[in-house]
Amino acid sequence: MKFLKYLFALTACAIVLSCASDDDSNTQENLEGQTGNVILKFDNGVGDQDFIFGTSYNKSNQESFKISTLKYIISNVRLTDADGNDFIYPTEENTFIVNEANGNNAGEIFINLNNIDAANYVSVTFGVGIDQERFALGADGQGDFLDYASDEGMMWSWATGYRFIRLDGTYSTTSITDDALNIHMGSVGTSLDNYREVTLPLPNTILVRENKTPQIHIKADILKIFEGINIADGYNQVHTDATTTPVIAGNIQSMFSVHHVHNE
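Residues numbered from 1 in each chain as written. Predicted model: local features only at pLDDT ≥ 70, side-chain atom pairs only at ≥ 80, totals over all residues. Heavy atoms only, no water.

### Quick look at the overall build of the chain
Moving on, step 1. Within the chain, the secondary structure is distributed over six helices and 14 strands.
Moving on, step 2. The 264 residues of the chain split such that 45% are buried.
Moving on, step 3. At a minimum sequence separation of 6, the contacts of the chain that also span at least 24 residues come to 75%. (Helix = DSSP H or I, 4+ residues; strand = E, 2+ residues; numbered from the N terminus. Buried < 20%, exposed > 50% of the residue type's maximum accessible area, 1.4 Å probe, protein only. Contact = heavy atoms within 4.5 Å.)

Structure below.
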């Protein structure tokens, strides 16, 4: 009797392993040629506070700022899977403007990425601004994005190039009240390249499938734009200066983090 029980247990175990193996095989096979969608959800804040237009936010150095316009360019989005393979979103569609004015009631701005290769992805990478290779394609190579960026006020009218970020408002110090604040950082031709890339590990793997649309909730801490600087020291007007623009570009690169993801 003990022998029969032992034999039955071995047989049951073999069946379970076989089924598990078949399931793994089928899952892998089902992913071939399968695509799905991913949503990048950008959520601007200031430190641990929500971002609200016209609200005064304090820095640690007795400066404060209020913002009336906040938008920035995101490009070259790619996802990296668990095996280190990259899915690069199609170049002609891989430019976006995150405009706080277009946010929903919770202040969230959505970028929809369609037809992503099905896989298990562990990180997301994107650029802030426009890289030199795309810029070198000229007006014809920018496609519809050139007109879109122009309509959004993300092109300089007095110089050639994109504004990678447009932040307009006012700032105050112990001796200045509501002076103009305009940060329009971008590259200046090929002589000053302020394009930066950001890679964010995901807190848990997103599963891109034809029946799932994962969401990646990306927080952007606007306070980090002013980290380590005094606005009054020439950072109240940032446009094409070779000293101030790289500092702002580096600060912007550090302001993003993934708060959480949803596998839906």
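### Some thoughts on the environment of Y57
Moving on, step 1. The topology assignment puts Y57 in strand β3 (residues 57-58).
Moving on, step 2. On a C-alpha basis, the gap between Y57 and L223 in space is 8.5 Å, while along the polypeptide they are 166 residues apart.
Moving on, step 3. Excluding residues within four positions of it along the chain, Y57 makes contact with V46, Q49, D50, F51, I52, E63, S64 and F65.
Moving on, step 4. For Y57, the side chain forms a polar contact with the main-chain nitrogen of I52, separated by 2.8 Å. (Polar contact = N/O pair within 3.5 Å; in protein donor to acceptor, adjacent residues only side chain to side chain.)

### Observations concerning the packing of aromatic side chains
Moving on, step 1. Per the stated rule, a full pass over the model turns up 12 aromatic pairs.
Moving on, step 2. Measuring from centroid to centroid gives 4.6 Å for F65 and F226, while their planes differ by 35°, and the two rings are tilted. With F65 in strand β4 (residues 64-81) and F226 in the loop between β12 (215-221) and α5 (231-235), this residue pair connects regions lying 161 residues apart in the sequence.
Moving on, step 3. Where Y72 meets F256, the ring centres are 5.7 Å apart and the plane angle is 70°; that geometry is what we call edge-to-face. On the criterion of sequence distance, the pair formed by Y72 in strand β4 and F256 in strand β14 (residues 256-262) is long-range, its members being 184 residues apart. For the pair shown, Y72 and F256 are each scored as buried.
Moving on, step 4. Aromatic rings pair up to connect F51, F53, Y57, F65 and F226 into one cluster. (Phe/Tyr/Trp six-rings, centres within 6.5 Å; stacked < 30°, edge-to-face > 60°.)

### Side note on helix α6 (residues 244-253)
Moving on, step 1. Here α6 has its buried residues at T244, T245, I248, A249, N251 and I252. Projected down its long axis, α6 carries its buried residues within an arc of 165°, all on one side. (Arc of directions from axis to C-beta.)

### A word on the nonpolar core
As a rule of thumb, soluble globular proteins bury nonpolar side chains together.
Moving on, step 1. Core analysis: the biggest nonpolar cluster contains 64 residues, and L40, F42, Y72, F126, I216, I225 and F256 have the highest contact counts within it.
Moving on, step 2. No other element matches β4, which puts eight residues into this core.
Moving on, step 3. Dropping the residues within four chain positions of it, I225 is found in contact with I165, L167, I183, I248, N251, I252 and M255. (Core = buried A, V, L, I, M, F, W, Y, C linked by side-chain atoms within 4.5 Å.)

### Notes on the pairing of strand β9 (residues 165-172)
Moving on, step 1. Of all the eight residues making up β9, six are buried; the element is thus mostly covered by neighbouring parts of the structure.
Moving on, step 2. Examined bridge by bridge, β4 and β9 share eight bridges and lie antiparallel to one another. Bridge pairing in β9 places S64 opposite S172.
Moving on, step 3. Bridge count for β9 against strand β10 (residues 179-183) is five bridges, and the pairing is antiparallel. Looking at β10, one finds that Y171 is bridged to D179.
Moving on, step 4. Where β9 folds back on β10, the antiparallel hairpin that results is connected by six residues, among which D178 adopts a positive phi of roughly 50°. (Pairing = 2+ DSSP bridges.)

### Some points on the confidence of the model for the chain
Moving on, step 1. This prediction gives the chain a mean pLDDT of 89; 88% of its residues lie at or above 70.
Moving on, step 2. Contacts for the low-pLDDT stretch residues 1-29, under 50 throughout, to residues beyond four places or in other chains number zero contacts. (pLDDT = per-residue confidence, 0-100.)

### A short note on the pairing of β4
Moving on, step 1. With 14 of its 18 residues buried, β4 lies for the most part within the structure.
Moving on, step 2. Here β3 runs beside β4; their pairing, made up of two bridges, is antiparallel. Pairing of N58 across the sheet is with S64, part of β4.
Moving on, step 3. From the end of β3 to the start of β4, which pair antiparallel, there are five residues, and Q62 there has a positive phi angle of about 70°.
Moving on, step 4. When β4 meets strand β6 (residues 95-99), the two strands line up antiparallel, connected through five bridges. The residue of β6 that forms the bridge with S75 is T95.
Moving on, step 5. Here six bridges tie β4 to strand β8 (residues 119-128), and the two strands are oriented antiparallel to one another. Across the sheet, R78 pairs through a bridge with T125, a residue of β8.
Moving on, step 6. The loop that links β4 with its antiparallel partner strand β5 (residues 86-88) comprises four residues; one of these, G84, has a positive phi angle of about 85°.

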